[in-house]
Structures are given as structure tokens and as C-alpha cells.
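Chain by chain, the residues:
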Amino acid sequence: MRAVINGKLVDLPEGATVEELRKRLPEIGNDDVMEEGFGGTRPLKNTEALKEGSKVWTVPKIVKGSASFDFTAY
């Protein structure tokens, strides 16, 4: 099975899940995995299987910093 992951054509086993995709492509890490479809985009769960020809990309999770920045100091 082939799918487009972050703009690259990738060969995957039939019925590969998002969790298996994370193991195969460690650069994805903990990013949100989004699938492009006719109705727009939607996030995929770890247990969802990818389909032949899927167009998928990853979006890093937004992490809030613990330190605050004071703009008045400048």
C-alpha cells in the first residue's frame, strides 16, 4: 500500500495504523496526524488504519512555555 506522508510517497503494509506509522517514521514523534479528504481534513486516531493513496501530514502539538516574557522591559 502507498500513501503520501508529509509530501513523500511511502510504502506501508496493508492496513497500517497511525501507531505503526509512528514506529516506521520516528520523525513524526507525537505530532497530530491529519488526513486530507473530500470533506476537508480530519485528525486520525492512533488505532485508525490508513487507506491506499491517503494524503496525510503531521502537525506539531502546541506546547505552552512555563516562563513568561515581559515586553515592558524593552
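Reading the values: rules and limits
- Residues numbered from 1 in each chain as written.
- Predicted model: local features only at pLDDT ≥ 70, side-chain atom pairs only at ≥ 80, totals over all residues.
- Heavy atoms only, no water.
- Pairing = 2+ DSSP bridges.
- Helix = DSSP H or I, 4+ residues; strand = E, 2+ residues; numbered from the N terminus.

So, about the pairing of strand 2 (residues 8-11). Bridge count for strand 1 (residues 2-5) against strand 2 is 4 bridges, and the pairing is antiparallel. Bridged to Arg2 within strand 2 is Asp11. The antiparallel hairpin formed by strand 1 and strand 2 contains 2 residues in its connecting segment, where Asn6 sits at a positive phi of about 50 degrees.

What follows deals with the pairing of strand 4 (residues 40-43). For strand 3 (residues 32-37) and strand 4, the ladder comprises 4 bridges, and the chain directions are antiparallel. Bridge assignment links Met34 to a residue of strand 4, and that residue is Pro43. Linking two consecutive strands that pair antiparallel, namely strand 3 and strand 4, is a turn of 2 residues.

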